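# Understanding the architecture of this molecule
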Amino acid sequence: MLSKTSYIKGLKCEKLLWLNKNNKIVLTPPDASALALFLQGNKVGSLARKLFPDGKEVPFDGLSFSQKIALTHEWLDKGVDTIFEATFNYGGVLVMVDILHKNADNTYEIYEVKSSSWNKSKKLKDFYQYFSDVAIQYWVLRGLGLNISKASLTLLNGDYVREKELEIEKLFIHKDMTHEVLALQADIPATLSKFKAMLTDQNEPNIEIGVQCKKNCSALDYCWKQQRSIPEYSVFNVFPMNKNAKSLQLYKEGVVAVEDVPDDMALTERQKSKVERWKSHKTVVDKEAIKNFVGSISYPIYHFDFETLGPAIPSFKGMKPYGKHPFQYSLHIEQEDGSLEHKEYLAIPRQDPREAIAKRMVEDIPKDACVMAFNVGFEMGIIRTLAKNCPTYADHLMNIHDNFIDLATPFQDGDYWMPEMKGRYSLKVVLPTIVPEMKDAYNDLDGVHNGDDAMRMFVKLGDSTDFDEIVKTKTALLEYCKLDTYAMVKILEKLKQLVA
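As the structure is a prediction and not an experimental result, all values here were calculated from the model.

### A look at the overall build of the chain
- Within the chain, the regular secondary structure consists of 20 helices and 14 strands.
- The principal-axis extents of the C-alpha atoms in the chain amount to approximately 80 × 60 × 45 Å.
- Looking at the chain residue by residue over its 500 residues, the buried ones come to 48%.
- Restricting to contacts in the chain with at least 6 residues of sequence separation, those with at least 24 account for 67%.
- Within the structure as shown, the chain displays about 25,400 Å² of accessible surface, and the carbon and sulfur contribution to it stands at 50%.
- For the chain, the separation between the mean place of its 64 positive charges and that of its 69 negative charges on side chains is 4 Å.

### As for the packing of aromatic side chains
- The full count for this structure, using the stated rule, is 15 aromatic pairs.
- With 4.2 Å between their ring centres and 15° between their planes, Phe 327 and Phe 458 make a pair best called stacked. In this pair, Phe 327 sits in strand S10 (residues 325-334) while Phe 458 sits in helix H19 (residues 451-461), placing the two residues 131 residues apart along the sequence.
- Its relative accessible area of 0% is what places Phe 327 among the buried residues.
- An angle of 20° between the planes, with centres 6.1 Å apart, marks the rings of Tyr 329 and Tyr 345 as stacked. Taken as a pair, Tyr 329 in strand S10 and Tyr 345 in strand S11 (residues 340-346) lie far apart in primary sequence, 16 residues in all.
- With relative accessibility at 1%, the residue Tyr 329 sits in the buried group.
- Taken together, the ring pairs connect Phe 304, Phe 306, Tyr 329 and Tyr 345 into an aromatic cluster.
- For the cation-ring pair, Lys 68 lies above Phe 60, with the distance from its terminal atom to the ring centre recorded as 4.5 Å.
- Over the ring of Tyr 442 we find Lys 428, and its NZ or CZ is 4.6 Å from the ring centre.

### Here's the deal with the sheet that holds strand S13 (residues 404-406)
- Strands sit in the order S11-S10-S9-S12-S13 across an open sheet of 5 strands; the sheet is mixed. With partners counted over all chains shown, the strands left at the sheet margins are S11 and S13, one partner each. Averaged over neighbouring strand pairs, the angle between their axes works out to 25° when direction is ignored.
- Sheet analysis places strand S9 (residues 301-309) next to strand S12 (residues 370-373), joined by 3 bridges and oriented parallel. Across the sheet, Tyr 302 pairs through a bridge with Val 371, a residue of S12.

### Overview of the pattern of salt bridges
- With the rule as written, the count across this model stands at 27 salt bridges.
- Close ionic contact of Glu 85 with Arg 49 constitutes a salt bridge, the shortest N to O distance being 3.1 Å. In this pair, Glu 85 is assigned in strand S3 (residues 82-90) and Arg 49 in the loop between helix H3 (32-48) and strand S2 (56-57), connecting sequence segments 36 residues apart. Of the two residues, Glu 85 and Arg 49, neither departs from the other in class, the shared state being buried.

### Examining helix H18 (residues 427-434)
- Along H18, 6 of the 8 residues are buried, which leaves the element largely enclosed by surrounding structure.
- Of all the positions in H18, only Leu 427, Val 429, Val 430, Leu 431, Thr 433 and Ile 434 are classed as buried.
- Check the buried side of H18 and you find it contacts helix H17 (409-412), strand S14 (416-417) and helix H20 (467-499).

### A closer look at the packing of helix H14 (residues 354-364) against helix H16 (residues 394-401)
- It is the contact of H14 with H16, at a shortest axis distance of 10 Å, that shows an interaxial angle of 60°. In terms of their interaxial angle, H14 and H16 are classed as oblique. For the crossing formed where H14 meets H16, the hand is left-handed. Of H16, the residues touching H14 (which contributes Ala 358, Met 361 and Val 362) are His 396, Leu 397 and Ile 400.
- A class-by-class count of the residues in the contact of H14 with H16 yields 5 nonpolar, 1 polar and no charged.

### Considerations on the confidence of the model for the chain
- Scored by pLDDT, the chain has a mean of 94; 100% of the residues are at 70 or more.
- The least confident element of the chain, judged by mean pLDDT, is helix H11 (residues 246-252) at 88; the most confident is H16 at 98.

### What about unusual backbone geometry?
- Residue Tyr 299 is joined to Pro 300 through a cis peptide bond whose omega torsion reads -5°.
- Inspection of the secondary structure assignment puts Pro 300 in the loop between helix H13 (287-295) and S9.
- You will see that Glu 85, though not glycine, has its phi angle at about 60°, which is positive.
- Look at Glu 85 and you get buried, because its relative accessible area is 14%.
- Positioned with a positive phi, Lys 422 is a non-glycine residue whose angle comes to about 50°.
- Among the structural elements, Lys 422 can be located in the loop between S14 and H18.
- A relative accessible area of 24% means that Lys 422 is categorised as partly exposed.

Cut-offs applied
- Residues numbered from 1 in each chain as written.
- Predicted model: local features only at pLDDT ≥ 70, side-chain atom pairs only at ≥ 80, totals over all residues.
- Heavy atoms only, no water.
- Helix = DSSP H or I, 4+ residues; strand = E, 2+ residues; numbered from the N terminus.
- Buried < 20%, exposed > 50% of the residue type's maximum accessible area, 1.4 Å probe, protein only.
- Contact = heavy atoms within 4.5 Å.
- Areas by Shrake-Rupley, 256 points an atom, 1.4 Å probe, with all protein chains shown as cover.
- Lys, Arg positive; Asp, Glu negative; His and termini not counted.
- Charge placed at Lys NZ, Arg CZ, Asp CG, Glu CD.
- Phe/Tyr/Trp six-rings, centres within 6.5 Å; stacked < 30°, edge-to-face > 60°.
- Lys NZ or Arg CZ within 6 Å of the ring centre and 35° of its normal.
- Pairing = 2+ DSSP bridges.
- Axes fitted to C-alpha atoms, helices over the stretch in contact; angles between N-to-C directions.
- Salt bridge = Lys/Arg side-chain N within 4 Å of Asp/Glu carboxyl O.
- Parallel < 35°, antiparallel > 145°, perpendicular 65-115°, else oblique.
- Left-handed = near helix turned anticlockwise from the far one by under 90°.
- Nonpolar A, V, L, I, M, F, W, Y, C, P; charged D, E, K, R; others polar.
- pLDDT = per-residue confidence, 0-100.

Below, the structure is given as structure tokens:
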């Protein structure tokens with residue numbers, strides 16, 4: 001029996017579908033970030049059910065699929081108007097409908113809830129990846145004799161701005177995709193026959209890597225590293241993956257390693273620089289450019305870093321879906337003689353932190369200060385939103401905003417390039433290459449090792465009632481954020497030593 005999820009996997013890549021049934025051990029399990037997205041999607045789905053307050057939910061736990069199917073049909077026979085997780089099996093395909101709603105004329109509507117957001121700049125075709133998801137549900141229900149009058153996507157309204165209370169009717173938006181779903185119906189029987197035949201074959205499908213390969217594919221390591229030994233830095237890092245990408249052309253010609261790219265290949269200046277630098281495998285240091293960068297800095301330097309949350313469901317007044325708000329910052333104040341002072345802020349979970357964090361920022365960072373961050377676009381964006389939501393401190397916040405210097409600049413511009421960076425220049429890539437004595441600094445932390453961990457642990461902090469656990473989690477969050485700004489101090493120190 002095929003599930004809806006399996007069907008969608010097969011449409012993306014038949015090999016992934018086959019592996020999921022016949023050789024699941026080679027697949028990479030979802031990481032903490034993927035699990036967090038899954039949980040967030042569940043929260044959105046649960047909230048969307050409030051749009052139909054009289055609906056009845058088929059329990060996910062405690063029932064077999066056959067029992068869920070039986071309960072669904074029982075409720076249909078009793079005339080229940082709205083069923084959540086309505087479960088059906090037809091033609092060997094199992095589907096669970098997020099929201100099935102019965103109209104007064106005995107027709108039915110399908111609502112597929114997704115945690116993606118819609119705004120006025122979007123078009124329905126931008127959500128094409130969900131068309132087949134709904135189409136297979138439509139096919140199953142029509143096959144069982146239900147008269148489906150409409151099939152819709154239920155999305156978060158990206159233009160919705162929360163007032164004091166969350167308004168469910170305004171938070172969600174329904175987009176009718178019946179036309180798109182109907183257009184896919186004719187292809188489904190042949191696709192299912194192909195999938196079923198392929199799944200019974202003991203031989204793994206011989207499918208080449210290509211544009212279907214995504215970073216979040218659970219078979220990526222197996223297909224790329226185990227089967228094809230594609231190195232961590234390859235032609236796919238130099239040339240973006242798309243239908244007509246040079247990387248795919250080279251791969252088909254047997255060229256995977258960057259050092260094997262032909263010297264006479266037509267390249268952009270940026271691509272040429274990447275290839276030549278990798279082939280030389282030597283560290284590149286443009287001392288004049290770095291000297292100019294260091295010379296643009298004035299003391300004291302305020303090394304600054306935010307940690308933020310971006311919940312799908314807006315938490316506080318003035319926020320939109322996925323709007324980010326800070327819950328923590330670290331600040332290392334560096335004097336010209338090298339002395340350091342550290343300041344930090346950690347919000348109280350479940351409380352709106354924006355006003356308090358804005359107040360502390362303007363207390364800790366004076367106007368016209370030299371403020372440094374790594375990839376400043378992120379911090380600057382958060383400060384703009386913070387200034388908008390905290391008008392009392394807006395003038396001072398925007399002064400901070402206008403005085404940022406980006407420590408990532410020498411690495412983004414290629415003024416300091418090391419092959420060990422493999423074309424990347426995030427803080428956690430630059431630190432161990434530029435400051436090797438700190439190569440294990442993040443791994444040695446307790447509990448929080450990256451931004452995803454910080455978000456997850458801060459949310460968890462709001463649910464904890466154990467005092468020792470609360471203290472441990474707060475300490476872990478503070479130590480992680482503190483390391484981010486201290487890492488900046490050490491990277492800048494290395495750059496200054498180069499041009500001293």
